[in-house]
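Topology and contacts: notes
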Amino acid sequence: MSFLQQALAIAGKDLRSEIRSKETVNASLSFALVILLLFSFAFDPGSEETHEIAGGLLWLVFAFAGTLILNRSFARELVNDCLDALISSPASGAQLFLGKCLANYVLLMIVECVCLPIFIIFYDVRWPKQAWLLFLVMLLGTWGITVIGTLFSAMTVNLRLRELMLPTLIYPMLIPALIGAIQLSTVLMAGEPLGPDSAFGFKLLIGFDLIFTILAVALVEIVLVG
Amino acid sequence: MSAVAIEGVWKFYGDFPALQDISFNVEGGACLALLGRNGAGKTTLLRMLAGLSKAARGSITILGGDARAEKTRQRIGVLGHGIGIYEELSAFENLRLFARLYGIENPRQVAMEWLERTGLERVSDGLVREFSRGMRQRLAVARAFLHNPSLLLLDEPFTALDDRAIAVLQGLLKGALAEGRTIIMSTHQLREALELATDVALINRGKLAFRGERSREMLEDPGWLYRHYGEA
């Protein structure tokens, strides 16, 4: 089997398990909706100030909700020692990591696609004229969250406090990606044209995704086996 | 050439030496019973042979290559403490997944064949979470054997098995030995293990206390080895 086929087999396994158990998507979606609701009490949804920080609020929701999905990514392999069965198979650490990344990416995108329209309604934001660009920002930003989160999920899988450790470790790492995604999303949701600063935002997101994908693929074997 | 060559292997958990200067070979086609009390280091050694952890010092050569090399892992079957089976997948889906990961050409067909061989064909579409303990264990045995491995690493394979699963496993192990495959199994069930074993290694507090062929005395009196080479 090719590199990609093995990664897809692992991704397919994770998605099939999730479709049957629905444990992480339900938890993540409920959590995201609760945060959206709480934010709508904390900030006046109609005010100009809230519209100026709309991108930040949206990505905080995505980052918080994403942690719940990413936390379970490797933890679900602890049941019946399935992680040992995967590591002792011919699938490489990189294939295992990419398979898990793909599954987490799909799940997180589903949660985001449900949350975005609700956010737009709650916060009285106009549907962006360039919605496809906002979707592109979501694709790039979510990949960054997924790559970092999946790698640290593998690192913390054997820790008793992994639910606490994962967000503590990944949020500081995600700052560059979140800065790019927040900046671009705020501009797009305000209906403003993209300026030179926006190009920097895209470069930041693409660079972040590339660098951390390569680093994670190179390091994951050491993380898993030592 | 030896199927497994272990040379001067050390493993530490913090400062605690779990394995100390372990060296021995296992010839191709042999069945080695890896014996020792709880905490002696049997599982630690088997995990290193399976490529699940690395030695702090020393070297391990499996089937002529590194334990973590893809080609080596393709030829190893591992049955550890956990069954390595997914609860939310069906029996068939579990075996098909591992058949794919092991690069088997016809994963569907091979998965069905092994479900039949382990008597699980009638529940092939049932989710593992609904299976009894014995059914799960037979499925785990199928997972470890489905790619026809040249080397089988079994950690306490007979523990908590029901009669049917023991019969299935013993039949498969005898068949594997007849085909010239190599088996290394750690166990506390001395009688079952020594009946199959051609060789024995006893680990005592992380050190190799005995390594040799299985003798008639061991078979007649399974406690003999512990009395002569194990701690009091």
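Notes on the structure follow.

So, how was this worked out
- Residues numbered from 1 in each chain as written.
- Chains lettered and ligands numbered in written order.
- Predicted model: local features only at pLDDT ≥ 70, side-chain atom pairs only at ≥ 80, totals over all residues.
- Helix = DSSP H or I, 4+ residues; strand = E, 2+ residues; numbered from the N terminus.
- Rg over C-alpha atoms; globule rule 2.2 N^0.38 Å.
- Buried ≥ 20, exposed ≤ 12 C-beta atoms within 10 Å, placed from the backbone.
- Contact = placed C-beta atoms within 7 Å.
- Pairing = 2+ DSSP bridges.
- Axes fitted to C-alpha atoms, helices over the stretch in contact; angles between N-to-C directions.
- Expected span 1.5 Å × (residues − 1).
- Arc of directions from axis to C-beta.
- Core = buried A, V, L, I, M, F, W, Y, C linked by C-beta atoms within 7 Å.
- Right-handed = clockwise from strand over helix to strand, strands pointing away.

1. Details of the overall build of chain B
- The secondary structure content of chain B amounts to 9 helices and 10 strands.
- At 18 Å, chain B has a C-alpha radius of gyration in line with the 17 Å of a compact globule built from 232 residues.
- Across its three principal axes, chain B shows a C-alpha extent of roughly 50 × 40 × 35 Å.
- Burial status across chain B gives 49% buried among its 232 residues.
- In chain B, 67% of the contacts between residues at least 6 apart in sequence involve partners at least 24 apart.

2. Structural notes on the overall build of chain A
- A tally of regular secondary structure across chain A gives 9 helices and 0 strands.
- The C-alpha atoms of chain A give a radius of gyration of 18 Å, which matches the 17 Å a tight globule of 226 residues would have.
- Considering only C-alpha atoms, chain A reaches an extent of 55 × 35 × 30 Å along its principal axes.
- Here chain A, with 226 residues, has 46% of them falling under the buried criterion.
- For chain A, long-range pairs separated by at least 24 residues make up 87% of all intrachain contacts whose partners lie at least 6 apart in sequence.

3. Structural notes on the interface of chain A and chain B
- Taken together, the contacts link 22 residues of chain A with 28 residues of chain B.
- Listing elements by their share of the side of chain A that touches chain B, those giving two or more residues are α1 (3-21) and α5 (82-87) of chain A.
- The greatest single-element share of the side of chain A that touches chain B, amounting to 7 residues, is contributed by α1(A).

4. Observations concerning unusual backbone geometry
- Non-glycine residue A:D81 carries a positive phi angle of around 55 degrees.
- With respect to the helices and strands, the residue A:D81 is situated in the loop between α4 (54-75) and α5.
- Of note, the phi angle at B:L63 is positive, near 50 degrees, even though the residue is not glycine.
- Summarising the element assignment, B:L63 is placed in the loop between β4 (57-62) and β5 (65-66).
- What makes B:L63 buried here is the crowd of 21 C-beta atoms within 10 Å.

5. With respect to the sheet that holds strand β6 (residues 76-79) of chain B
Residue and element names in this part refer to chain B.
- Pairing is mixed in the open sheet, where 6 strands are placed in the order β6-β7-β8-β3-β9-β10. The open sheet terminates on both sides in strands that have one partner only, identified here as β6 and β10 (207-213). For this sheet the average axis-to-axis angle between neighbouring strands, irrespective of direction, equals 15 degrees.
- Here β6 runs beside strand β7 (residues 151-155); their pairing, made up of 4 bridges, is parallel. Each bridged residue has a counterpart across the sheet, and for G77 the counterpart in β7 is L152.
- Of the strands in this sheet, β6 and β7 touch helix α5 (residues 133-145), which is tilted by about 160 degrees from β6.

6. Digging into the environment of B:A176
Residues and elements named next belong to chain B.
- In this structure, A176 sits in helix α6 (residues 163-178).
- Judged by the 22 C-beta atoms lying within 10 Å of it, A176 is buried.
- Residues A176 and L202, spaced 26 residues apart in sequence, show a C-alpha to C-alpha distance of 23 Å.
- Those residues in contact with A176 that lie beyond four places of it in its chain are L152, R181 and I183.

7. Comments concerning the sheet that holds β5(B)
All names here are of chain B.
- Strand order in the open sheet made by the 4 strands is β2-β1-β4-β5, with antiparallel pairing throughout. Since the sheet does not close on itself, it has two edges, and those belong to β2 (16-27) and β5, each with one partner.
- Strand direction decides the pairing type here: strand β1 (residues 2-13) and β2, joined by 8 bridges, are antiparallel. Within the sheet, the bridge partner assigned to F12 lies in β2 and is P17.

8. Overview of helix α2 (residues 23-42) of chain A
Residues and elements named next belong to chain A.
- In this model, α2 (20 residues) spans 29 Å end to end at C-alpha, consistent with the 28 Å of a helix rising 1.5 Å per residue.
- The set of residues buried in α2 consists of T24, V25, S28 and A32. Angularly, the buried residues of α2 cover 95 degrees about the axis, an arc narrow enough to put them on a single face. Relative to its buried face, α2 has exposed residues pointing more than 90 degrees away, namely S30, L37, L38 and F41.
- Residues of α2 that are buried make contact with α1, α4 and α6 (93-122).

9. What to know about the nonpolar core
- Core analysis: the largest hydrophobic core is formed by 144 residues, its most contacted members being B:L32, B:L49, B:L95, B:L153 and B:I184.
- For this core, the element with the highest residue contribution is α6(A), accounting for 13 residues.
- Once you skip the residues sitting within four places of it in the chain, B:L32 turns out to touch B:V26, B:I183, B:I184, B:A197, B:D199 and B:A201.

10. Examining the pairing of β7(B)
Residues and elements named next belong to chain B.
- Buried residues dominate β7, accounting for 5 of its 5 residues.
- What you see with β7 is no split at all: L151, L153 and D155 on one side and L152 and L154 on the other are buried throughout.
- In the sheet, β7 pairs with strand β8 (residues 182-186) via 5 bridges, with the strands oriented parallel. If you follow D155 over to β8, its bridge partner there is S186.
- Of the crossover connections in this fold, the one passing from β7 over α6 to the parallel β8 is right-handed.

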